[in-house]
Structures are given as C-alpha cells and as structure tokens.
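Survey of secondary and tertiary structure
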Amino acid sequence: MNIGLIAHDTKKKLMQNFCIAYRGILAKNELYATGTTGRLIEEVTNLNIHKFLAGHLGGEQQLGAQIEHNDIDLIIFLRDPVAPKRHEPDVHTIVRLCDAHNIPIATNLATAELLIKALDRGDLDWREFYK
C-alpha cells in the first residue's frame, strides 16, 4: 500500500513518534511525504520515504496529484486545528481529494492509529481491488 504522510509544524514531533511506534507496519508499505515531514521521519526511523517538495513549496500539490491518479491508498495528515499557518499545507484540499477518490484519511492521532491497525489486519486490502 502507498501511504501519504503530512504534518503541520506543531504536529511534526507527534508524526515522528507515531512513525516510531508503528515503524514495523509502515516498513511493509511505500511511504510518501511532504519534504520536511519526510526528512524528519527518516531521521528518527530510518524508513525509506519518497519525499515531495515541502508542503508550502508544492509538496501538497504533488501529493494531491498522486491521490488524483489513485496512487495513494491511505493518508495520515496530522493537522493543527487551532492555529495552522498560512504557509502550511491546506487540509481542506487533501480531504476533498481523498473524499473524491475514496481514499481513507486520518487527521488526528486517534484516527491514524485506527487506520494503521486496520491496514495491518488487512482491512484495507479492498484498495487493491479499487485500483
């Protein structure tokens, strides 16, 4: 499965910790991330991540194009619902694309954990048929 990883600045440490905790599951999949998030995850996990540009430099659009081409199976976008900055990726664009293309998306830690555990159990294998 192809997993997209995005995190607002205030959630990047949480994303690193999430990826450390679920490294075993994530390692079995192809990982894609916006530039800074991907670099930070690689630093603490040694996972191989395809890094797009930083979100504000076009990485969000690059990941969005992958979603539009049905090349992403799951998105984990840890967002700051209180104070996202203008230069950070826009969650609404990614959510809209995921909704349009039937891609499961988590925007908080609780949902991210549910989806990653479902992935590990095989509950998302239907994505292979959907493609």
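Please refer to the structure higher up on the page.
Anyway, here's the lowdown on the structure attached to this text. Because the structure is predicted, anything quoted here is derived from the model rather than measured. (Residues numbered from 1 in each chain as written. Predicted model: local features only at pLDDT ≥ 70, side-chain atom pairs only at ≥ 80, totals over all residues. Heavy atoms only, no water.)

**A look at the pattern of salt bridges**
Per the counting criterion, the structure on display carries six salt bridges. K28 is paired through a salt bridge with D120; the nearest N and O atoms lie 3.7 Å apart. Of this pair, K28 sits in the loop between α2 (23-26) and β2 (30-33) while D120 is found in helix α6 (residues 109-121), placing the two residues 92 residues apart along the sequence. Its relative accessible area of 44% is what places D120 among the partly exposed residues. A salt bridge links E43 to R39; the shortest N-O distance between them is 3.0 Å. Taken together, the residues E43 and R39, both in helix α3 (residues 35-45) and four residues apart, mark about one turn of the helix. The exposure class of R39 is partly exposed, given its relative accessible area of 40%. (Salt bridge = Lys/Arg side-chain N within 4 Å of Asp/Glu carboxyl O. Helix = DSSP H or I, 4+ residues; strand = E, 2+ residues; numbered from the N terminus. Buried < 20%, exposed > 50% of the residue type's maximum accessible area, 1.4 Å probe, protein only.)

**A look at the side chain of H8**
Along the polypeptide, H8 turns up in the loop between β1 (2-7) and α1 (12-21). Within the structure, the side chain of H8 is placed 2.8 Å from the backbone nitrogen of D80, a separation counted as a polar contact. (Polar contact = N/O pair within 3.5 Å; in protein donor to acceptor, adjacent residues only side chain to side chain.)

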